[in-house]
Amino acid sequence: MAITMHSASVPVFVRMLGNVLQWLDKAEAHAQAKKFDAGVYLSARLAPDMLPFVRQIQIACDAVKFGVARLAGVEAPKFEDNEASIADLRARIRKTLDYIGSVPAAQIDGTDDKDIVVPRRDGSMTLKGEAYLKQFVLPNFFFHVTTTYALLRHNGVDLGKSDFLGPLP
């Protein structure tokens, strides 16, 4: 089977966001074993000037929902960015997964040459669909997912490369 815009995006997002859900389970188990409130993860940072843990997950989910929506030519759902617990973060991930699962593959496939307009603070940019996915959405998504992983590892959660990759097919 040939690679398509859908196969290069949605299954990747589903797999990695599923892995993040597993990391959150491990984070809660770690906090429980060490007898501290798992809510402390929400404000974790590796450096004072970086966005906290909660924002890393919010942005990863936003990269996914906006990426799929723009490729499919539909409006992305609005999320409030008000997550205040690990349970709230799980719910956001599940809402994101539900949304991308609702977008038919046919709406994403064939968008490799479609003009995608990305609003930015310094003015919008326009990319072709394939460049948008490969050069913007996927790197942005993986940056924030990897940062989420690093924050949990930095805070003692027992995660390894196999947790990042998840079960291989």
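In the block above lies the structure referred to throughout.
Residues numbered from 1 in each chain as written. Predicted model: local features only at pLDDT ≥ 70, side-chain atom pairs only at ≥ 80, totals over all residues. Heavy atoms only, no water.

## Some remarks on the pattern of salt bridges
Turning to step 1, where the next piece is worked out: Enumeration over the complete set of coordinates arrives at twelve salt bridges.
Turning to step 2, where the next piece is worked out: In this structure, E130 and K134 form a salt bridge, with 2.4 Å as the shortest nitrogen-oxygen distance. You can see E130 and its partner K134 sitting in helix α5 (residues 129–154), four residues apart, about one turn around the helix.
Turning to step 3, where the next piece is worked out: Residue classification places K134 among the partly exposed residues on the basis of a relative accessible area of 46%.
Turning to step 4, where the next piece is worked out: In this structure, a network of salt bridges that share partners links the residues R55, D62, K65, D81, E83 and R92. (Salt bridge = Lys/Arg side-chain N within 4 Å of Asp/Glu carboxyl O. Helix = DSSP H or I, 4+ residues; strand = E, 2+ residues; numbered from the N terminus. Buried < 20%, exposed > 50% of the residue type's maximum accessible area, 1.4 Å probe, protein only.)

## Here's the deal with the side chain of N19
Turning to step 1, where the next piece is worked out: Along the chain, N19 turns up in helix α1 (residues 10–34).
Turning to step 2, where the next piece is worked out: Relative accessible area serves as the criterion here: at 6%, N19 is assigned to the buried category.
Turning to step 3, where the next piece is worked out: Ignoring any residue separated from it by four or fewer positions in sequence, one finds N19 in contact with D163, F164, L165, G166 and P167. (Contact = heavy atoms within 4.5 Å.)

## Here's the deal with unusual backbone geometry
Turning to step 1, where the next piece is worked out: Of note in the backbone geometry, K35 takes a positive phi value of approximately 60° without being a glycine.
Turning to step 2, where the next piece is worked out: With respect to the helices and strands, the residue K35 is situated in the loop between α1 and α2 (53–72).
Turning to step 3, where the next piece is worked out: Take K35: its relative accessible area is 74%, and that puts it in the exposed class.
Turning to step 4, where the next piece is worked out: Of note, D81 is a non-glycine position whose phi angle comes to about 60°, a positive value.
Turning to step 5, where the next piece is worked out: Note on placement: D81 falls in the loop between α2 and α3 (86–102).

## Considering α1
Turning to step 1, where the next piece is worked out: With 25 residues, α1 should reach 36 Å at 1.5 Å per residue; the first-to-last C-alpha distance of 36 Å fits that figure.
Turning to step 2, where the next piece is worked out: Within α1 the residues assigned to the buried category are V10, F13, M16, L17, N19, V20, L21, W23, L24, A27, H30 and A31.
Turning to step 3, where the next piece is worked out: In this structure, the buried side of α1 is in contact with α2, α3, α4 (105–108), α5 and α6 (161–165).
Turning to step 4, where the next piece is worked out: One or two positions beyond α1, positive phi appears at K35, with a value near 60°. (Expected span 1.5 Å × (residues − 1).)

## Examining the side chain of R92
Turning to step 1, where the next piece is worked out: Positionally, R92 belongs in helix α3.
Turning to step 2, where the next piece is worked out: On the basis of relative accessible area, R92 is assigned to the buried category, the value being 0%.
Turning to step 3, where the next piece is worked out: Reaching out from R92, the side chain makes a polar contact with the side chain of D62 at a distance of 2.7 Å.
Turning to step 4, where the next piece is worked out: In contact with R92, not counting residues within four places along its chain, are Q58, C61, D62, F79, D81 and E83. (Polar contact = N/O pair within 3.5 Å; in protein donor to acceptor, adjacent residues only side chain to side chain.)

Taken by themselves, the reported measurements are silent on function.
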